[in-house]
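# Coordinate analysis (summary)
Chain by chain, the residues:
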Amino acid sequence: MIRIEQLAKSFVAPRRWIGRAAAPVPAVRDVRLEAVDGRITGLLGPNGAGKTTTLRMLAGLIRPDAGRLEVDGIDVAARPREALARMGVLSDARGLYPRLTARENIVYYSALQGMAREEAQARAEALAQMLDCTALLDRRTEGFSQGERMKVALARALVHDPANIVLDEPTNGLDVLATRALRETLQWLASPAGGSKCIVFSTHIMQEVERLCDSVVVVSHGRTVAQGTVPQLRASAGARDFEEAFVRLAYADETGAAA
Amino acid sequence: MKGWPAWTVFVKEWVDALRDRRTLAVVLLSSVLMGPLVLIALSGLVASFESRAERREVVLDGIEHAPTLVNYLQRQGFAVKPAPEGFEQKLRRSELGDPVLVVPKDFESALRRAEVPVLVLVSDSANKRSEAGSGRLQRLVAGFNRERSTLALALRGVSGEVLEPVRLGEKDLANPQTRGTQITGMLPFFVLMAVLYGALNAALDTTAGERERGSLEPLLMNPASPLSLVLGKWAAVSAVALLIAVLSCFSFIPAQWLLRSDTLAALFQFGWREALWFVAIIAPFAAALSALLMAVAIRCRSVKEAQASSAVLILAVSLLPLVGLLNPGGEERWHLWVPALAQNTLMTRVLKGEALGLEPVAITLAVCAVLALLGVGFVARVLRRAAVR
């Protein structure tokens, strides 16, 4: 269960030697989100809407200016490490160590999560089976394809079997088959058989959201502008097509001004 | 928190660094092998000087014009050889290793009439081997002059001491080990370079490299504390630097067996004891330097940027030991407070066979500890502020 309330963050431009400091750039003004267990929640928004910044704050990498982030009732700002232990985060930076094998990459993270060695090895095997990449395990990650990298990075993020899974644009750079495989994996993880995980994932691709998400949060210019299931959003925007609904919701100001 | 995250990070970074075979090979070639190779090359040079000095040969152009001089030289135990054809060209091209003394045609008659004939000493100051021999030739000619004048004065009933009212005696205080340091003085420099280049790659790879690969952000999303991450990384970088330093120190021991000059081999006293002392002196420095390099690199977005930023540090570590070599005043107290220079000073003491003393060791340890603390603290602070801008 992940809850985000009235989140705000603006970035201060680095100070220059001469002249006045530039005005702070607001990245997130008022983002609200509630993601429950056993469901996939999509964070949908155009480029620059503040999705990545929101998820970075959720992972405790940036301190928010205002608002509250909660993971299973734990305040991220107050107890970041406990919150992180209950979250698996696949951020948009998903670099692997090229000189280590896929297995070593995964086991390193499980050790950092405080898992015992045998447990970590077993978990790496199980994750590889789930993500269908057992053959990759003992190869060095140097020269892996985008899809292979993503699988290893996802396995690394899920190594401690977290109850909450946060993914930042996970389908970036993946081909059709890899995207489909990821979709199936996420659906399974949200199902009771997969552990009824709470999954939040950000994207700017309509089709992903339509196919996968149980509920959608639309973010634009750093604000949550709509929240609900796909049919609900279509109905509230008065559009039959989801893409049309998204454009009306996300770009309400601009399209309104133009009309 | 179960387990020790710092230990986990250490093991991973150590394995990672040792798998970077190409970089390690370059470091081993450039820093570890370089010292012994230069030493062996130098010993070859010294050996050639020595053999020239021992050969007791003098090259004269126009032997037939100067029987008196040849007689003197032979009495001094020198073999006199005629100069080869076109000796000036040969000297210039370094084909001839001995300077040539040119005797004018009327040397003997001019000498008899006390007309002061001129002998010309032909050498090439760019030709180091001939330079070494010309000092000896000058002394021989001076000796010949002294003998001639003493004889001339004696014939007139004057004591030879008129010509030499003062005599100069020589007393060399250097013991064999201190004399050896003239040549072995560069050893500490090579060891310092080995530590520097051993630490450099690992330090940049674990900081700026993580950021460049995009693996820093996921790493920070683990529940391990930033401080434990930094401690693990720092320990691994220091260990790699120390490994290279140990290899470098111990590579001088087998290098001695290959020394071609007997004098140099006798002067060069570098055994297991000295090597262990070297390692003990260099270990705290390796730790401090690793922390500093990491602190410089942690804010850089790529390894390339980090290399540019660390250039100042690299230059400082390379140049500071030279202060010890160039300073004519010898060792001064403040040298011990400057890292790199202090290690150079202490290692030189080991080579000279002097005692290190408790205070200098304490000073260098304290300086290294403070630097390491500052470096590690800074890196941890940057990571705690989470590094995403």
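For clarity, every value in this text was computed on a predicted model and none was experimentally measured.

The next thing to look at is the overall build of chain B. Counting secondary structure elements, chain B contains 18 helices and 4 strands. By the compact-globule yardstick of 21 Å for 389 residues, chain B is too spread out, its C-alpha radius of gyration being 30 Å. When its C-alpha atoms are laid out on the principal axes, chain B stretches across 100 × 45 × 35 Å. The contacts in chain B between residues at least 6 apart in sequence include a share of 75% that link residues at least 24 apart.

Moving on, we come to the interface of chain B and chain A. Counting residues at the interface gives 21 residues for chain B and 22 residues for chain A. Those elements that place two or more of their residues in the side of chain B that touches chain A are helix 1 (5-19) and helix 11 (216-220) of chain B. The dominant element in the side of chain B that touches chain A, judged by the number of residues it contributes, is helix 1 of chain B, at 5 residues.

Once the domains are mapped, chain B shows domain 1 (5-32 + 177-384) and domain 2 (50-171). Centre-to-centre separation of domain 1 of chain B and domain 2 of chain B, based on C-alpha positions: 52 Å.

What follows covers the domain arrangement of chain A. All names here are of chain A. On domain assignment, one finds that chain A holds domain 1 (2-86 + 163-258) and domain 2 (95-161). Its C-alpha centre places domain 1 at a distance of 26 Å from the equivalent point of domain 2. If you look at the interface, domain 1 gives 9 residues, while domain 2 gives 8 residues. Ranked by residue count, the leading element in the side of domain 1 that touches domain 2 is helix 6 (residues 176-190), at 3 residues. Class assignment for the residues of the side of domain 1 that touches domain 2 results in 6 nonpolar, 2 polar and 1 charged.

Our focus in this paragraph is the packing of helix 8 (residues 230-237) of chain A against helix 9 (residues 242-250) of chain A. All names here are of chain A. Put simply, helix 8 and helix 9 touch, their axes get as near as 9 Å, and they point 60° apart. Of the possible angle classes, the one that applies to helix 8 and helix 9 is oblique. The handedness of the crossing between helix 8 and helix 9 is left-handed. Mapping the contact onto sequence places Val230, Leu233, Arg234 and Ala237 in helix 8 and Phe242, Ala245, Arg248 and Leu249 in helix 9. Residue classes in the contact of helix 8 with helix 9 are distributed as 6 nonpolar, no polar and 2 charged.

Residue and element names in this part refer to chain A. For Thr224, the position within the fold is in strand 10 (residues 223-228). Residue Thr224 is classed as buried on the basis of its C-beta count, with 23 C-beta atoms lying within 10 Å. Those residues in contact with Thr224 that sit more than four places away from it in its chain are Asp30, Val31, Arg32, Leu33, Val217 and Val219.

Now for the nonpolar core. Residues and elements named next belong to chain B. By size, the foremost hydrophobic cluster in this structure holds 154 residues, and its most contacted members are Val191, Val195, Ala199, Ala245 and Leu289. Top element by residues in this core is helix 12 (residues 226-257). It accounts for 17 residues. The contacts of Val195, once residues within four sequence positions are left out, are Ala241, Ile244, Ala245, Ile282, Phe285, Ala286 and Leu289. The next biggest cluster of nonpolar side chains, apart from the first, holds 12 residues, and it includes Leu69, Val100, Phe107 and Leu137.

A separate point is unusual backbone geometry. Residues and elements named next belong to chain A. Within the chain, Asp72 stands out as a residue other than glycine whose phi angle is a positive 50°. Mapping Asp72 onto the fold places it in the loop between strand 4 (66-71) and strand 5 (74-75). Of note, Asp161 is a non-glycine position whose phi angle comes to about 50°, a positive value. For Asp161, a count of 14 C-beta atoms within 10 Å puts it in the partly exposed group.

Residues and elements named next belong to chain B. Strand order in the open sheet formed by 4 strands is 2-1-3-4, with mixed pairing between adjacent strands. Pairing within the sheet leaves two strands with one partner each, and these edge strands are strand 2 (79-82) and strand 4 (120-122). Neighbour-to-neighbour, the strand axes of this sheet turn through a mean angle of 35°, independent of strand direction.

All names here are of chain A. Tracing the backbone through its elements, the reader meets Ser110 in helix 3 (residues 102-112). Note: C-alpha distance between Ser110 and Ser236 (126 residues apart in sequence) is 44 Å. Each residue touching Ser110, except ones within four places of it in the same chain, is listed here: Met115, Ala120, Arg123, Val159 and His160.

Here the focus is the confidence of the model for chain B. All names here are of chain B. The predicted model of chain B averages 84 in pLDDT, with 90% of residues at 70 or higher. Within chain B, the lowest mean pLDDT, 60, falls on helix 8 (residues 176-184), and the highest, 93, falls on helix 14 (residues 272-297). Scored by ipTM, the complex comes to 0.87, with pTM at 0.80.

Turning our eyes to something else, we now look at the pairing of strand 10 of chain A. Residue and element names in this part refer to chain A. Where strand 9 (residues 215-220) and strand 10 come together, 5 bridges link them in antiparallel fashion. Pairing of Ser220 across the sheet is with Arg223, part of strand 10. Once strand 9 ends, the chain turns through 2 residues before running back antiparallel as strand 10, passing His221 with a positive phi of about 50°.

About the cut-offs
Residues numbered from 1 in each chain as written. Chains lettered and ligands numbered in written order. Predicted model: local features only at pLDDT ≥ 70, side-chain atom pairs only at ≥ 80, totals over all residues. Helix = DSSP H or I, 4+ residues; strand = E, 2+ residues; numbered from the N terminus. Rg over C-alpha atoms; globule rule 2.2 N^0.38 Å. Contact = placed C-beta atoms within 7 Å. Domains from an automatic or database assignment. Nonpolar A, V, L, I, M, F, W, Y, C, P; charged D, E, K, R; others polar. Axes fitted to C-alpha atoms, helices over the stretch in contact; angles between N-to-C directions. Parallel < 35°, antiparallel > 145°, perpendicular 65-115°, else oblique. Left-handed = near helix turned anticlockwise from the far one by under 90°. Buried ≥ 20, exposed ≤ 12 C-beta atoms within 10 Å, placed from the backbone. Core = buried A, V, L, I, M, F, W, Y, C linked by C-beta atoms within 7 Å. Pairing = 2+ DSSP bridges. pLDDT = per-residue confidence, 0-100.

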